[in-house]
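Here is how the chains run, residue by residue.
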Amino acid sequence: MFSRSGIIRKAPPIVTAGAGDLKFAGHELQVAYEITGQMRTLASAHVPLRGLLRTEPDVAEALFRAGEAALVLDDGRGCRIRLLGYTSGSDTAYFEIRI
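First, a word on what this report is: a plain description of the structure on this page. The written sequence of each chain sets the order in which its residues are numbered from 1. Predicted model: local features are reported for residues with pLDDT of at least 70 only, side-chain atom pairs are reported and counted for 80 or more only, and whole-chain, interface and lining totals are derived from all residues. Only hydrogens and water are set aside; all other atoms, that is, all heavy atoms of the structure, feed into the side-chain values.

**Some words on the sheet that holds strand β4 (residues 68-72)**
- Pairing between two strands requires that DSSP report at least two bridges joining them. Secondary structure elements are defined from DSSP: runs of H or I of at least 4 residues count as helices, runs of E of at least 2 residues count as strands, and each element is numbered from the N terminus. With respect to topology, six strands assemble into a closed barrel ordered β1-β2-β3-β6-β5-β4, the strand pairing being antiparallel. Averaged over all pairs of adjacent strands, the angle between strand axes in this sheet comes to 45°, irrespective of strand direction.
- With five bridges connecting them, β4 and strand β5 (residues 78-86) associate as antiparallel partners. By the bridge assignment for β5, Ala70 is matched with Arg80. Here the axes come from fitting lines to C-alpha atoms, over the contacting stretch only for helices, and the angles between their N-to-C directions go from 0 to 180 degrees.

Structure follows, in structure tokens:
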């Protein structure tokens, strides 16, 4: 899209938020998540989408140490996530996701 000044403006990325069931290394719990990108293309995407999840800080740290987990989205789709980042003491872990 062009504005009057001739600058091309990009639409903000689509963010899908929800609550899902997370399973990893002896843990089963519900977490809040946000995934950036088009969810309808998740199964056919050549690159994984990225997102974040929020839980208790000790659980987020254990999840990051595990490296991978299963996440069932609120629409019932089961996905594998690979952890990308976490800051000590934070309640947020960052991941990439594929169906």
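**Some details on the environment of Glu68**
- In this structure, Glu68 sits in strand β4.
- Between the C-alpha atom of Glu68 and that of Glu96, which follows or precedes it by 28 residues, the distance is 9.8 Å.
- Two residues form a contact once any of their heavy atoms are found within 4.5 Å. Discounting residues that sit within four places of it in the chain, Glu68 has contacts with Phe24, Arg80, Ile81 and Leu83.

**Focus: the nonpolar core**
- Counting 19 residues, the largest nonpolar core has Leu22, Leu53 and Ile81 as the members making the most contacts within it.
- Elements with a minimum of two residues in this core: β1 (15-24), β2 (27-36), β3 (49-54), α1 (57-66), β4, β5 and β6 (92-98).
- If near-sequence neighbours (up to four positions away) are discounted, Ile81 is found in contact with Leu22, Leu53, Gly67, Glu68, Ala69, Leu71, Phe95, Glu96 and Ile97. Nonpolar cores are built from buried Ala, Val, Leu, Ile, Met, Phe, Trp, Tyr and Cys residues. Side-chain atoms within 4.5 Å join them into one set. Burial status follows relative accessibility: with a 1.4 Å probe on protein chains alone, a residue under 20% of its type maximum counts as buried, one over 50% as exposed, and anything between as partly exposed.

All we've got here are geometric facts, nothing functional implied.
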